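# Survey of secondary and tertiary structure
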Amino acid sequence: MAIIVSLLAIVGYIWFRFQRITFGVAAVVALIHDVLIVLGMVALASLASGTPFGKFLLLNDFRINLPMVAAFLTVVGYSLNDTIVVFDRIREVRGKNPDLTEAIVNTSLNQTLSRTLLTSLTTFIVVMILYVIGGEGIHGFAFCLTVGVLVGTYSSMYVASPVLIWLMNYGRSENAGT
């Protein structure tokens with residue numbers, strides 16, 4: 001129940017900030033994608049932990065514990081922040097134009113790409129250091145964040161933005177043909 005209420009609150013906040021519910025829905029789709037991918041990678045890491053490849057990657061038989069839950073929430077916050085930055089640039093480039101085109105989104109993504117990559121790279125370096133030389137108590141947390149930074153970075157650009165285009169143009173493509 002708390003998850004549903006928090007996702008609705010996120011949709012409501014982004015709806016209020018961007019004056020369109022489609023921005024909120026697209027952001028929540030990206031968040032759900034991020035959490036499911038990180039959760040799947042935790043499961044795969046647990047399966048691979050006994051193999052030589054798993055030992056090389058320092059994988060453990062991860063169990064969901066409190067630090068890992070904190071990592072999932074951190075991934076949600078990180079990804080949401082990155083998505084809001086991208087959406088804010090889309091709103092600025094779009095201006096008063098009622099249509100949202102692929103060219104507008106492409107221009108916006110190109111303008112935010114260097115900021116996104118620099119932020120992600122510095123965060124990734126720190127989290128990798130935590131993963132490699134951190135203690136046993138932080139290992140699962142660092143693994144989730146390592147995967148989450150990578151997934152959250154690409155989902156802001158390649159999941160949230162296409163979903164936003166699709167949602168904003170959904171009714172227009174059907175009405176244009178009639």
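The written sequence of each chain sets the order in which its residues are numbered from 1. Reporting of local features is limited, given that this is a predicted model, to residues whose pLDDT is at least 70; pairs of side-chain atoms are given and counted only at 80 or more, and all residues count toward the totals for whole chains, interfaces and linings. Side-chain metrics rest on all non-hydrogen atoms present in the structure, leaving aside hydrogens and water.

### Observations concerning the overall build of the protein chain
Defined as follows: Going along the chain from the N terminus, every DSSP run of H or I of four or more residues is numbered as a helix, and every run of E of two or more is numbered as a strand. Any residue under 20% of the maximum accessible area for its type is buried, any over 50% is exposed, and the rest in between are partly exposed; the area is computed with a 1.4 Å probe on protein chains only. We call two residues contacting when some pair of their heavy atoms lies within 4.5 Å.
Tallying secondary structure elements over the protein chain gives seven helices and zero strands in all. In the protein chain, the succession of helices and strands from N to C terminus is α-α-α-α-α-α-α. Counting only C-alpha atoms and orienting by the principal axes, one finds that the protein chain spans roughly 60 × 35 × 30 Å. By residue count, 39% of the 178 residues in the protein chain fall in the buried class. Across the protein chain, every contact between residues at least 6 apart in sequence was considered, and the portion connecting residues at least 24 apart equals 72%.

### Digging into helix α5 (residues 102-133)
Put simply, the test is: The length a helix should cover is 1.5 Å for every residue beyond the first. What we call the bend at a residue is the angle made by axes fitted to the seven residues finishing there and the seven residues starting there.
Taking 1.5 Å per residue, 32 residues should reach 46 Å; α5 reaches 43 Å between its end C-alpha atoms and fits that length. Taken as a whole, α5 carries its principal kink of about 45° at Thr 112. Three or more residues of α5 are buried, namely Ile 104, Val 105, Ser 108, Leu 109, Thr 112, Thr 116, Ser 120, Val 127 and Tyr 131.

### With respect to the confidence of the model for the protein chain
To keep things clear, this is the line we draw: The predictor's confidence in any single residue is recorded as pLDDT, a number from 0 to 100.
Taken as a whole, the protein chain shows an average pLDDT of 89; of its residues, 96% reach a score of 70 or greater. Considering each helix and strand of the protein chain separately, the mean pLDDT is smallest for helix α7 (residues 160-176), with a value of 79, and largest for helix α2 (residues 21-48), with 93.

### Here's the deal with the packing of α2 against helix α4 (residues 66-94)
Convention followed: Interaxial angle, 0 to 180 degrees, is taken between N-to-C directions of lines fitted to C-alpha atoms, where a helix line uses only the stretch in contact. Here a crossing is called left-handed whenever its near helix is offset anticlockwise from the far helix by less than a right angle, and right-handed whenever the offset is clockwise. Lys, Arg, Asp and Glu make up the charged group, whereas Ala, Val, Leu, Ile, Met, Phe, Trp, Tyr, Cys and Pro make up the nonpolar group; the residues left over, Gly among them, are polar.
Interaxial distance between α2 and α4 falls to 9 Å at its minimum, and their mutual angle equals 145°. In this structure, the crossing between α2 and α4 has a hand that is right-handed. Residues Phe 23, Ala 26, Ala 27, Leu 31, Asp 34, Val 35, Val 38, Leu 39 and Val 42 of α2 form the contact with α4, whose own contacting residues are Met 68, Phe 72, Val 75, Val 76, Ser 79, Leu 80, Thr 83, Phe 87 and Arg 94. Class assignment for the residues of the contact of α2 with α4 results in 14 nonpolar, two polar and two charged.

### Regarding the environment of Val 86
Note on placement: Val 86 falls in helix α4. With 30 residues separating them in the primary sequence, Val 86 and Thr 116 have C-alpha atoms 8.8 Å apart.

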